[in-house]
Each structure stands twice: as structure tokens, then as C-alpha cells.
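Descriptive structure summary
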Amino acid sequence: MTDYDTVSADVEHEEEIPEDHPRYQDLLTRHRIERGVEKGITHLQGMHAEGRGSAFDYLLGEETIPSADEAERAAAAHLLLADRPVLSINGNVAALVPGEMVELADAVDADLEVNLFNRTPERIEAIADHLREHGAEDVKGLEADARIPNLDHQRAKVDADGIHAADVVVVPLEDGDRAEALEAMGKTEIVIDLNPLSRSPQVAEVPIVDNIIRAVPNVTAHARDLADADEAELRKIIQAFDREAALEEAERRIRDGEL
Ligand code: PTJ
């Protein structure tokens, strides 16, 4: 019997999943989403979303492809140049990368704002508490005292001094109507989504086609690396990034990837 056969079907703590397991990232992701649902953080629909994402990740080879790494560096440059950057958090993001989002916010001096499709006061509170448990000091999204124009569902509810006033917004793991509405407001959007054909990466200035579990720590690493870069250097990185080429490369990898 290999070690892999000893992974319990019902993992209690994520440390029980051996890091050298060939499906480690997928098992970890599933475990975090399950715990998120149990804690009232993640909506049951979040399991669907994760299943879809993991299928794309499988086809991408479960690795950060070079064009995604370039997108992650461009994202870091945008965030460092921004006046009011905000990282948007939904139930899947909170379950998968709570501490990593707090670290990124810290590295680029951004706000964290909870914004939900299936919005209830209980979930908003549970997610804000979860982020605080992972080191967040200030969590936005509870006031919801402003609206994104031309969006007729709960995701339109934002904080006036958060997403509504932001110049750069990180939008992970959601479908495209809010991304389109934010773009119409003139915001620079950084989208993290494993499906390059989804509307949100299609409208994003920086589409990151990568698993959020890998993407967020890598954006943070780039931001730390670029912490002393001057404005000209950051602008050069932004200009050199080709969003169309990145989307095409991700789609090509998914269609032609050798597994
Ligand atoms: O928490 P709420 O109420 O705001 O609801 C959140 C969900 C995720 C349920 C909601 O936004 C939703 O239904 O999203 P979609 O339309 O399923 O879109 C999610 C996108 O994220 C899909 O394109 C997936 O491929 C992608 N995705 C899923 N898991 C990951 C991912 N992308 C990157 N990393 C992942 N781990």
C-alpha cells in the first residue's frame, strides 16, 4: 500500500493531506471548500464553481503557465501604482485563500471587501470574521452604502469608500456581469479565473488564468520583488503585458495541453 492509499476520505485537518500526493492541490482545494460550506462561508453553489475550475486546472496541467506568471507580475505592478486598490472577496475566495488575500492586501496596501452573489447578513459576517481570524484588520463590504450602476443583483451592493471608489479592483472567481459593470465604471480590473473564455477574464485589463491558490501568493511575491521599483519600471511591466496573448495562450494550453 502506498502512502496515497492512506489519505482518509474524510480529512479532518488539511495537514493530513500529504504534500507529495499527485492530486495534492485538488484535494486541498476540495477540503477547503467543504470546510467553507460547513462554516457558512461558502455557498453550496461554490462547490459547483470549484468543480468547474478544477476541470480547467487539470487541463492546464495544474501549474502556473508562463503567461499567467506575466499576468501576475502585471497585476502586482497595477496594484502598486494604484491609489485605491481593493481586493474583492466572495465565499470561495474566503475559503480557499483567506490568509493569502490578507498578505496581498498588506503587500500592496489594498482594502479587502466582501462582495457576494448569494448575499445574506450571516454570510457577510462569517466571512468578515474568517478574514479577521486570518489577520485582516479592516474588512469592507458590511456597510454596502453604494451601488454599482446597471447591475440588478446583490453583487451591486458595495461600500462607498471601498469598491465604489477604487481605481484598481481584483475580481476573483465570479461570472462576468459585475466585471462588465465595473469596467463600465472605468475601473482597472484584475480577474483571476481558470476559464479563459469566461466573460470576466475577457473584459479584464489583466486576466490571470491560474488557480487562485497559486495565483495570489505569486502576485504577492511579485509585489514584494517590485516594492522598490519606480513608477517608470512599473509602467513598463504593465505596457509589456499583452492581455490578448495571455488569454490565447491559456486557451491553447487547455485545448492542446499534453497530460
Ligand atoms: O460566494 P458567492 O455567493 O459570491 O458565490 C460565489 C460563486 C463562486 C458561487 C459565484 O461567483 C459563481 O457561481 O461563480 P461562477 O459563475 O461559477 O464562476 C466561477 C469561476 O471561477 C468559473 O469560471 C471557474 O472556472 C472559476 N474558478 C473556480 N475555482 C477556481 C476558479 N478560478 C481560479 N481558481 C480556482 N480555484
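What comes next is a walk through the structure. (Residues numbered from 1 in each chain as written. Predicted model: local features only at pLDDT ≥ 70, side-chain atom pairs only at ≥ 80, totals over all residues. Heavy atoms only, no water.)

Once that is clear, we can look at the nonpolar core. Within soluble globular proteins, side chains that are nonpolar tend to cluster in buried spots. Counting 53 residues, the largest nonpolar core has L79, L87 and I208 as its most contacted members. When near neighbours in sequence (up to four residues on either side) are disregarded, L87 contacts L79, M101, L104, A105, A110, D111, L112, E113 and V170. The next biggest cluster of nonpolar side chains, apart from the first, holds 14 residues, and it includes A146, I148, V171 and V191. (Core = buried A, V, L, I, M, F, W, Y, C linked by side-chain atoms within 4.5 Å. Buried < 20%, exposed > 50% of the residue type's maximum accessible area, 1.4 Å probe, protein only. Contact = heavy atoms within 4.5 Å.)

This brings us to the site of the ligand. Residues in close proximity to the ligand total 24 residues, the closest being R52, G91, F117, R123 and R155. Between the ligand and G91, the relevant distance is 2.8 Å, taken from an oxygen atom to a main-chain nitrogen or oxygen of the residue. The separation between a nitrogen atom of the ligand and a polar main-chain atom of I212 is 3.0 Å. Taken by itself the ligand offers 750 Å² of open surface, and the protein chains cover 95% of this. More than half of the atoms belonging to the ligand lie within 2 Å of the grid points that define the largest pocket. When residues of the shell around the ligand are traced back to their parent elements, those giving at least two are α2 (45-60) and α4 (91-96). Per-element tally for the shell around the ligand: the top contributor is α2, with 6 residues. (Near = heavy atom within 4 Å. Polar contact = N/O pair within 3.5 Å; in protein donor to acceptor, adjacent residues only side chain to side chain. Areas by Shrake-Rupley, 256 points an atom, 1.4 Å probe, with all protein chains shown as cover. 1 Å grid on protein atoms, 1.4 Å probe; cavity = no way out; pocket = protein on both sides within 12 Å on 5 of 7 lines; lining within 4 Å. Sits in = over half its atoms within 2 Å of the grid points. Helix = DSSP H or I, 4+ residues; strand = E, 2+ residues; numbered from the N terminus.)

Moving on: the pattern of salt bridges. For the structure shown, the criterion picks out 24 salt bridges. Three or more residues joined by partner-sharing salt bridges are found here, namely R155, E174, D175, D177 and R178. (Salt bridge = Lys/Arg side-chain N within 4 Å of Asp/Glu carboxyl O.)

In this section: the sheet that holds strand β7 (residues 188-192). Spatially, β3-β2-β1-β6-β7-β8 is the arrangement adopted by the 6 strands of the open sheet, whose pairing is parallel. In this open sheet, the two edge strands, each paired with only one partner strand, are β3 (139-140) and β8 (206-208). Across 3 bridges, strand β1 (residues 85-89) lies against strand β6 (residues 168-172) in parallel orientation. Bridge pairing links P85 to V168 in β6. Here helix α3 (residues 66-81) sits on the sheet in contact with β1, β6, β7 and β8, set at roughly 135° to β8. (Pairing = 2+ DSSP bridges. Axes fitted to C-alpha atoms, helices over the stretch in contact; angles between N-to-C directions.)

The next point concerns the packing of helix α1 (residues 24-38) against α2. Here α1 crosses α2 at 170°, and the two axes come no closer than 10 Å. In terms of orientation, α1 and α2 fall into the roughly antiparallel class. Contacts from Q25, D26, T29, I33, E34 and V37 of α1 reach α2 at G46, M47, E50, S54 and D57. Here the contact of α1 with α2 is composed, by residue class, of 3 nonpolar, 4 polar and 4 charged. (Parallel < 35°, antiparallel > 145°, perpendicular 65-115°, else oblique. Nonpolar A, V, L, I, M, F, W, Y, C, P; charged D, E, K, R; others polar.)

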